[in-house]
Amino acid sequence: MEVLRVENIVKNFGRVEVLRGIDFSLQKGQVLSIIGSSGSGKTTLLRCLNFLETPQKGRIIVEGKTLFDAEDRQKMSDAAIRLNRLHFGLVFQQFNLFPQYTVKRNITLAEELLAKEKIKKEGSYNGHTTVRDALAAIDQKADRLLEEVGLTVKADSYPCQLSGGQQQRVAIARALAMEPDILCFDEPTSALDPELTGEVLRVIRELKDTGRTMIIVTHEIGFARDVSDTVMFMDGGVIAEMGPPEQVIENPQNPRTREFLSRFTER
Ligand SMILES: Nc1ncnc2c1ncn2[C@@H]1O[C@H](COP(=O)(O)OP(=O)(O)O)[C@@H](O)[C@H]1O
Ligand SMILES: [Mg+2]
């Protein structure tokens, strides 16, 4: 089943064309890796998908529902944008945890706010009609997620007490808490010391095994080859090459892809 369809996304910053017509689709449970040089537009594409940037052209369709259409002249309300965002989870390079809250609170906070708002406005959240029941369920989910990322013992610690790899695993649990249709990663291991990248990549690999749909911007070419169903090579704001990893990474057709990949093998 198609979860995501992206049509002709164009994004300019002033006169600079950063995305010049991006089209792709993603099936449920599939992993798409995006590779490409710095400045090729990878982060901007993820930010457009997460409604942190507004494209000048194009459409974003999730599970058949058009969430964004640049042709639609009506300005999207903040409430609509917030609802749209729930379809996507985003894990940043720099973790971006709330330093003042415990690990567990980092995971539960956003969903607690959502549950309270829903119960107030609509009378229920996920089948719970009282805030107390909803919060109990959210707390239990956080315990499950902490177990999934292997950090049960750190539930009451603060981010500053964790290693970078542990912080990133909390950030992944936090993104999963909102049950997004698509989980996006922007260079999830780039800020980590080499000895800590393995534990984060392992968690992402396990998420694939449990059927999560993911888009991963990464410079870990070996990881992208192993974990991806599709690899996209971006160059200058366009998709220069896209296909299964055996093609794009092992046997690239585009000279730009070959040139980019050669930088990794020379090391
Ligand atoms: N907010 C912004 N304002 C102006 N230019 C931007 C902004 N964000 C990104 N850019 C430019 O867009 C291009 C692509 O950036 P980015 O999406 O971060 O690339 P990547 O993640 O592939 O390194 C770069 O030239 C960058 O300078
Ligand atoms: Mg980037």
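Residues numbered from 1 in each chain as written. Chains lettered and ligands numbered in written order. Predicted model: local features only at pLDDT ≥ 70, side-chain atom pairs only at ≥ 80, totals over all residues. Heavy atoms only, no water.

A. The arrangement of helix 9 (residues 255–265) in detail. Listed as buried for helix 9 are Thr-257, Phe-260 and Leu-261. Each buried residue of helix 9 lies within a common arc of 90° when the element is viewed along its axis, so the set occupies one face. Next to the buried residues of helix 9 lie strand 3 (31–36), helix 7 (221–227), strand 9 (230–235), strand 10 (238–243) and helix 8 (245–248). Residue Asn-254 occupies the N-cap position of helix 9, its side-chain oxygen lying 2.7 Å from the main-chain nitrogen of Arg-256. (Buried < 20%, exposed > 50% of the residue type's maximum accessible area, 1.4 Å probe, protein only. Helix = DSSP H or I, 4+ residues; strand = E, 2+ residues; numbered from the N terminus. Arc of directions from axis to C-beta. Contact = heavy atoms within 4.5 Å. Polar contact = N/O pair within 3.5 Å; in protein donor to acceptor, adjacent residues only side chain to side chain.)

B. Inspection of the site of ligand 1 at higher detail. Taken together, the neighbourhood of ligand 1 is formed by Phe-13, Val-18, Ser-37, Ser-38, Gly-39, Ser-40, Gly-41, Lys-42, Thr-43 and Thr-44. At a separation of 3.1 Å, an oxygen atom of ligand 1 approaches a polar backbone atom of Gly-41. Contact between ligand 1 and Thr-43: an oxygen atom at 2.8 Å from a side-chain N or O atom of the residue. Compared with its free state, where it exposes 560 Å², ligand 1 has 57% of that area covered by protein. (Near = heavy atom within 4 Å. Areas by Shrake-Rupley, 256 points an atom, 1.4 Å probe, with all protein chains shown as cover.)

C. Representation of the side chain of Thr-218 in the model. Mapped onto the secondary structure, Thr-218 falls in the loop between strand 8 (214–217) and helix 7. Within the structure, Thr-218 has its side chain in polar contact with the backbone nitrogen of Glu-220 (distance 2.9 Å). Apart from the residues within four sequence positions on either side, Thr-218 is in contact with Ile-34, Ile-35 and Ala-224.

D. Looking closely at the packing of helix 3 (residues 103–122) against helix 5 (residues 164–177). Direction vectors running N to C along helix 3 and helix 5 enclose 25°, while the axes themselves pass 8 Å from each other. On the basis of their axis angle, the class for helix 3 and helix 5 is roughly parallel. Classified by chirality, the crossing of helix 5 by helix 3 is right-handed. The residues of helix 5 that touch helix 3, namely those facing Val-103, Asn-106, Ile-107 and Glu-111, are Val-170, Ala-173, Arg-174 and Ala-177. In terms of residue class, the contact of helix 3 with helix 5 is made up of five nonpolar, one polar and two charged. (Axes fitted to C-alpha atoms, helices over the stretch in contact; angles between N-to-C directions. Parallel < 35°, antiparallel > 145°, perpendicular 65-115°, else oblique. Left-handed = near helix turned anticlockwise from the far one by under 90°. Nonpolar A, V, L, I, M, F, W, Y, C, P; charged D, E, K, R; others polar.)

E. Quick look at the side chain of Arg-174. If you trace the backbone, Arg-174 turns up in helix 5. Although Arg-174 lies buried, it forms no salt bridge, and the closest oppositely charged side chain, Glu-111, sits 12 Å away as judged by the N-O distance. Here Arg-174 is in contact with Phe-95, Asn-96, Leu-97, Phe-98, Asn-106 and Ile-107, once residues within four sequence places are set aside. (Lys, Arg positive; Asp, Glu negative; His and termini not counted. Salt bridge = Lys/Arg side-chain N within 4 Å of Asp/Glu carboxyl O.)

F. Just the sheet that holds strand 2 (residues 16–27), in detail. Here four strands make up an open sheet; going across it, the order is 2-1-4-5 and the pairing antiparallel. Looking at the sheet topology across the chains shown, the edges are occupied by strand 2 and strand 5 (65–69). Each adjacent strand pair in this sheet contributes to an overall mean axis angle of 15°, direction not counted. In the sheet, strand 1 (residues 2–13) pairs with strand 4 (residues 57–62) via five bridges, with the strands oriented antiparallel. Residue pairing in the sheet places Arg-5 in a bridge with Ile-61 of strand 4. The strands touched by helix 1 (residues 42–49) within the sheet are strand 1, strand 2 and strand 4, with strand 2 carrying the most contacts at an inclination of about 60°. (Pairing = 2+ DSSP bridges.)

G. Broad picture of the domain arrangement of the protein chain. Taken domain by domain, the protein chain comprises domain 1 (1–87 + 182–267) and domain 2 (98–179). Between domain 1 and domain 2, the C-alpha centre-to-centre distance is 26 Å. Taken together, the contact pairs 15 residues of domain 1 with 15 residues of domain 2. Roughly 1,200 Å² of surface becomes buried between domain 1 and domain 2 when both sides are summed, with 66% attributable to carbon and sulfur atoms. Three residues, Leu-86, Glu-199 and Val-203, lead the burial of domain 1 against domain 2; their summed loss comes to 36% of the area buried on that side. Connecting domain 1 to domain 2 are three salt bridges. For Glu-199, the salt bridge identified is with Arg-169, shortest N-O distance 2.9 Å. There are five residue pairs in polar contact (both at pLDDT 80 or more) connecting domain 1 and domain 2. (Domains from an automatic or database assignment. Buried area = accessible area lost by both parts, 1.4 Å probe.)

H. Fine view of unusual backbone geometry. With a phi angle near 60°, Phe-95 is a residue other than glycine that sits in the positive phi range. Mapped onto the elements, Phe-95 comes out in the loop between strand 6 (88–91) and helix 3. The phi dihedral of Asn-126 falls on the positive side, at around 50°, and the residue is not glycine. Looking at where Asn-126 falls in the secondary structure, it is placed in the loop between helix 3 and helix 4 (131–148). Note on Asn-126: relative accessible area 55%, which makes it exposed.

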